[in-house]
Amino acid sequence: MISIVIPVYNKEDFIEETIKSVLTQTYKNFELILVNDGSVDNSLKLIKKNKDSRIRIINIKNSGVSTARNIGIKEAKYNYISFLDADDWWGNTFLEEIIKGIKRCPDYKVFATGRCRVFKDKIDLYQNDYLPEKGKFGIVDYIKVISENLPPINSSNVVICKDELLKRGLFNPNQKQHEDHDLWLRICKSNNIFFVNKNLSYY
């Protein structure tokens, strides 16, 4: 089972679509933790419209995305934690593909899928020579990838074991930019990524 952590701060234009992409997953055994980071728009009202029993809402004063994610991690019931930003979304088999990876390589701590950036007039698919063949899965060395290109994971395409997150110190609340990549570096110095190269995460 997987705990999904979504930090929410003033995302009323996107949050409904983001939540929908979680609730329509083909894999159903998850909890969804929405950490409302002191939103002052209609985000909380829109979140509360969802009556699914798998949803938990945590309200905090505005403290920043790292603190919101860290609270979600600590509150998570399950040992596999997935992150999703409140203006991103998943293809409906994202969790299913991750679970397949966990079953294939249960000793691994980090799992991820292909991802893309969505613009008004195009979709930009993340590509890298060190990734598995499109549609396939394989093992990816994070350090090797970033030596030549953008990181293979972001805060909406990755699932990480909770014990590994706690061991590496979680997100740094004092870092205002690239706080996610700072954590990925700390984790991936000692862990390769089980990577499913299917386009299932949309930024």
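Bear in mind the structure is a predicted one, so any value in this text is a computation, not a measurement. (Residues numbered from 1 in each chain as written. Predicted model: local features only at pLDDT ≥ 70, side-chain atom pairs only at ≥ 80, totals over all residues. Heavy atoms only, no water.)

Engineer: Looking at this model, I keep getting lost on the pattern of salt bridges. Mind explaining?
Structural biologist: Two side chains with opposite charge may pair up if their charged atoms get near one another. Applying the stated criterion to the full structure yields 14 salt bridges. Of the charged contacts in the structure, one is a salt bridge between lysine 100 and glutamate 97, with a shortest N-O distance of 3.8 Å. In this pair, lysine 100 and glutamate 97 are both assigned in helix α4 (residues 94–104), three residues apart and thus about one turn of the helix distant. For lysine 100, a relative accessible area of 33% puts it in the partly exposed group. Taking the relative accessible area as the measure of exposure, glutamate 97 reaches 8% and is therefore buried. Close ionic contact of aspartate 182 with arginine 186 constitutes a salt bridge, the shortest N to O distance being 2.6 Å. With aspartate 182 and arginine 186 both in helix α7 (residues 179–188) and four residues apart, this pair spans about one turn of that helix. Classification of arginine 186 as partly exposed rests on a relative accessible area of 22%. Bridged by salt links that share partners, the residues Glu96, Glu97, Lys100 and Lys198 form one connected network. (Salt bridge = Lys/Arg side-chain N within 4 Å of Asp/Glu carboxyl O. Helix = DSSP H or I, 4+ residues; strand = E, 2+ residues; numbered from the N terminus. Buried < 20%, exposed > 50% of the residue type's maximum accessible area, 1.4 Å probe, protein only.)

Engineer: So what exactly am I meant to see when it comes to the environment of valine 8 here?
Structural biologist: Along the chain, the position of valine 8 falls in strand β1 (residues 2–8). Sequence separation of valine 8 and asparagine 59 is 51 residues, and the distance between their C-alpha atoms is 9.6 Å. Those residues in contact with valine 8, other than ones at most four positions away along the chain, are Ile15, Leu34, Val35, Asn36, Asp37, Ser39, Ser43, Ile47 and Ala86. (Contact = heavy atoms within 4.5 Å.)

Engineer: Honestly, the nonpolar core in this entry has me stumped. Any pointers?
Structural biologist: Across soluble globular proteins, you tend to see nonpolar side chains buried next to one another. Core analysis: the largest hydrophobic core is formed by 31 residues, its most contacted members being Ile4, Ile6, Ile15, Val22, Leu32, Leu34 and Leu95. Per element, the largest residue contribution to this core is five residues, and it comes from α4. Every residue in contact with isoleucine 4, bar those within four places of it in the chain, is listed here: Val22, Phe30, Glu31, Leu32, Ile33, Ser82, Trp90 and Leu95. (Core = buried A, V, L, I, M, F, W, Y, C linked by side-chain atoms within 4.5 Å.)

Engineer: In this structure, what is going on with α7? I would like to understand it.
Structural biologist: For the α-helix, the turn length of 3.6 residues means that residues three or four positions removed from each other point alike. Of the residues making up α7, those classed as buried are Glu179, Asp180, Leu183, Trp184, Ile187 and Cys188. The arc that holds every buried residue of α7, seen down its axis, measures 155°, which confines them to one face. (Arc of directions from axis to C-beta.)

Engineer: Explain a nonpolar patch on the surface to me, please; I cannot follow it from the model alone.
Structural biologist: A cluster of nonpolar side chains, Ile143, Ile146 and Leu185, forms an exposed patch at the surface whose accessible area comes to about 200 Å². Mapped onto the fold, isoleucine 146 is located in helix α5 (residues 142–146). The partly exposed category is assigned to isoleucine 146, whose relative accessible area is 30%. (Patch = residues over 30% accessible without salt bridge, like charges linked within 9 Å, V, L, I, M, F, W, Y side chains within 5 Å. Areas by Shrake-Rupley, 256 points an atom, 1.4 Å probe, with all protein chains shown as cover.)

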